[in-house]
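# An overview of the molecular structure
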Amino acid sequence: MNTAFLVIFVGLQIADIWTTLTALKQGGRELNPFLAKLFKRFDPLSVMVPVKLAGVWALWYANLWGLTALMCMAYMWVIFHNLDQIFGKK
């Protein structure tokens, strides 16, 4: 079961990267204070890719489907927030 949630999680990570980059280009902001500081110093894509890979690896290693499902729900909220920044301003 964890494999199915991991596949969903990977898809959500890709969607988060796309929506975050799009929102930032349109003047949106990163809500995670740690990432926001890194985005000021480094290219956001070069920050997000290793962070996302580490997150996927950690969930794979933990192999706890409940935790992976919870993280999927959390990232759905993150993506909806990004989409609101992208489309809600129009």
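Let us look at the structure shown here.

Quick notes on the rules
- Residues numbered from 1 in each chain as written.
- Predicted model: local features only at pLDDT ≥ 70, side-chain atom pairs only at ≥ 80, totals over all residues.
- Heavy atoms only, no water.
- Helix = DSSP H or I, 4+ residues; strand = E, 2+ residues; numbered from the N terminus.
- Buried < 20%, exposed > 50% of the residue type's maximum accessible area, 1.4 Å probe, protein only.
- Lys, Arg positive; Asp, Glu negative; His and termini not counted.
- Salt bridge = Lys/Arg side-chain N within 4 Å of Asp/Glu carboxyl O.
- Polar contact = N/O pair within 3.5 Å; in protein donor to acceptor, adjacent residues only side chain to side chain.
- Contact = heavy atoms within 4.5 Å.
- Core = buried A, V, L, I, M, F, W, Y, C linked by side-chain atoms within 4.5 Å.
- Phe/Tyr/Trp six-rings, centres within 6.5 Å; stacked < 30°, edge-to-face > 60°.

## Quick word on the side chain of Glu-30
Among the secondary structure elements, Glu-30 is positioned in the loop between helix H1 (2-25) and helix H2 (33-41). Of the buried charged residues, Glu-30 lacks a salt bridge, with Lys-52 as the closest side chain of opposite charge at 7.4 Å. Among the polar contacts made by the side chain of Glu-30, one reaches the main-chain amide nitrogen of Asn-32 at a distance of 3.1 Å. Non-local contacts of Glu-30, meaning those with residues more than four positions away in its chain, are made with Thr-20, Leu-24, Leu-35, Ala-36 and Phe-39.

## Examining the nonpolar core
In this structure, Leu-6, Phe-9, Leu-12, Leu-59, Cys-72, Tyr-75 and Ile-79 together form the largest nonpolar core, which totals seven residues. At the level of elements, H1 and helix H4 (65-87) are the ones that each hand at least two residues to this core. Apart from residues lying up to four places away in sequence, Ile-79 is in contact with Leu-12, Ala-15, Asp-16 and Thr-19. In terms of nonpolar packing, the next biggest core, distinct from the first, is built from five residues, Ile-17, Leu-35, Phe-39 and Val-47 among them.

## Some words on the packing of aromatic side chains
According to the stated counting rule, one finds three aromatic pairs in the structure shown. Their ring planes at 85 degrees and their centres at 5.6 Å tell us that Phe-9 and Tyr-75 sit as a pair that is edge-to-face. In this pair, Phe-9 sits in helix H1 while Tyr-75 sits in helix H4, placing the two residues 66 residues apart along the sequence. For Phe-9, a relative accessible area of 2% puts it in the buried group.

Worth remembering: the numbers are spatial, not functional.
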